[in-house]
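Inside the fold
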Amino acid sequence: MLLLKHRVNLMMNIRCFQRNFSASSLVPLQLPSPKETHLWYILPNEVKSTSLLNQYLELLSPCEKENVFRMRGDQLQKRALLARALVRTTIARYQTNCQVDPRSLKFKKNIYGKPEVESQDVDDLHLPPLHFNISHTSSLIACGVTVNSPIGIDVEEKQRKLKNNILAFAQRYFSPYEVELLAAISDPEFQRQEFIKLWTLKAYVKALGRGFSATPFKTFTIRFRTATEGHLSGHRDSEVFDIVDSFDDPKNLTSNWQFALLELVGSHYAAICIEGDGTTRGKGTLPMKLTVWRTIPFVEDECVSGTDDFVTIGGLT
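Below is a summary of the structure that appears in this document. (Residues numbered from 1 in each chain as written. Predicted model: local features only at pLDDT ≥ 70, side-chain atom pairs only at ≥ 80, totals over all residues. Heavy atoms only, no water.)

1. Description of the packing of helix α5 (residues 166-173) against helix α6 (residues 176-183)
Selection rule: Between N-to-C directions, angles cover 0 to 180 degrees, with each direction set by a line fitted to C-alpha atoms, over the stretch in contact for helices. For the purposes of this entry, the term helix denotes a DSSP run of H or I that reaches at least four residues, the term strand denotes a run of E that reaches at least two, and both are numbered from the N terminus. Under this scheme an angle from 65 to 115 degrees is roughly perpendicular, one under 35 degrees roughly parallel, and one over 145 degrees roughly antiparallel; angles in between are oblique. Left-handed describes a crossing whose near helix is turned anticlockwise from the far helix by less than a right angle; the clockwise case is right-handed. A contact between two residues is defined here by any heavy atoms of the two lying within 4.5 Å. Residues are sorted three ways: Asp, Glu, Lys and Arg are charged, Ala, Val, Leu, Ile, Met, Phe, Trp, Tyr, Cys and Pro are nonpolar, and all the rest, Gly among them, are polar.
At a closest axis distance of 9 Å, the pairing of α5 and α6 adopts a crossing angle of 170 degrees. Comparing the axis directions of α5 and α6 gives the class roughly antiparallel. Considering how the two elements wind past one another, α5 and α6 form a crossing that is right-handed. Across the interface between the two elements, L167, A170 and Q171 from α5 touch V179, L182 and A183 from α6. Classifying every residue of the contact of α5 with α6 by side-chain character gives five nonpolar, one polar and no charged.

2. So, the nonpolar core
Applied cut-off: Here the nonpolar core consists of buried residues drawn from Ala, Val, Leu, Ile, Met, Phe, Trp, Tyr and Cys, with membership extended through side-chain atoms lying within 4.5 Å. Burial classification: accessible surface area is computed with a 1.4 Å probe over protein chains only, and a residue below 20% of its type maximum counts as buried, one above 50% as exposed, and the rest as partly exposed.
Residues V47, Y56, L81, L82, Y94 and I141 are the most contacted members of the largest nonpolar core, which totals 35 residues. If you list the elements that add at least two residues to this core, you get β1 (36-42), α2 (50-59), α3 (62-70), α4 (74-92), β6 (130-136), β7 (141-147) and β13 (289-296). It is α4 that provides the largest number of residues to this core, a total of nine residues. Membership of the second largest hydrophobic core comes to 28 residues, among which are I166, I196, L261 and A271.

3. Re the sheet that holds strand β15 (residues 310-314)
Here is the rule we go by: When DSSP finds two or more bridges between a pair of strands, those strands are recorded as paired.
Within the open sheet, the four strands sit side by side as β8-β12-β11-β15. Their pairing is antiparallel. Of all strands in the sheet, those bounded by a partner on one side alone are β8 (151-157) and β15. Taken pair by pair, the neighbouring strands of this sheet meet at an average axis angle of 25 degrees, ignoring direction. Here β8 pairs with strand β12 (residues 268-275) via seven bridges, running antiparallel. Each bridged residue has a counterpart across the sheet, and for I151 the counterpart in β12 is I274. Along the sheet, helix α7 (residues 188-201) makes contact with β8, β11 (257-264), β12 and β15, crossing β12 at roughly 30 degrees.

Spelled out as C-alpha cells, the structure:
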C-alpha cells in the first residue's frame, strides 16, 4: 500500500502524485482561549492514499524527512510522517493574521530536547505564541495546542499489554502513594487499567519540557480528588488531579498545573497537562476547557467534542 521502502522510488512518486495544496486547504481556527486546549488526532489506519502521504512528505523539512527515512519498516515510517504532518498542519491553522504554508514553519528544541515553534514574523505580523506537544501509539497520533501555556500530552492504548508484573513495574517508576493505590485494587484487569491511566497522567513531565531523565516519574505523585476515593474512574467532571512534589507531605501541592483525562474513540486514554496562570496557587487545580478534533489533513476535519468518540474521565469543564 505504501511507502518509503526505497527512497528514490518515493521521491519519484512525489513528483508523480503531487497536486496543489496550500494553507488555504486548512480550515483556519480562532486561537484557544486562556485555560483552553485544542486536541487534534489522526488514526493512521484511516490514511490509505499513497498520494496523500507523499503530499505530507512535501511539508517536511530536509531534517524531518531524514528522520522519517531513518525509521525501520513501512509502518514506523508512516507514523513518523503522519506525526510531523499533523504538527505542521495543526499549527498552520492558527496563524490567523496571514496565510502561513505549513512548509514554512520552523522549529527548535529547548535544552532538554522538547520541540517548540520558532518565533517568526511574516510581513511584520507577529505569529501567535503557540505551545504544542505530540504523543502517539501505533493506532493514534495526537497533537495538543495552547496559547501562552506549556503543555504536555500522552496517549496510551487501553488494551496495552504489560509484560512485567504491574506492581513490580509500578515500584520502579511510581511514587509510594501511587503504588499503594494500585496495590489496594484486587481485580487484575481493573488494576491494569488504573496503572495505564496513572502512566498517561505522567504527561506532567512533557509539560515541564525537561525530559524523563531530569524529572523521573518516581519523583512526583499524581494525586486525585474525587467523590469516590481509591480509583481514577468516576462520573463526568467528578475528578480533579493534582501534583505532589513531596513524599513527606502529600498535601504539598504544586498547584499551578491543570490536568484532564479522557477516552478517545473508545480505545485510548489521553492525558493533558497545562500550566495555569498562577491565580489558583494554593487552591488546587481547576478544570480546563477542551475541544477535540479528528483529522485527516487536507481531506476532512471533524469536531468530536460531545460525541461518543470523546469521553471525559476527569479534569474538564
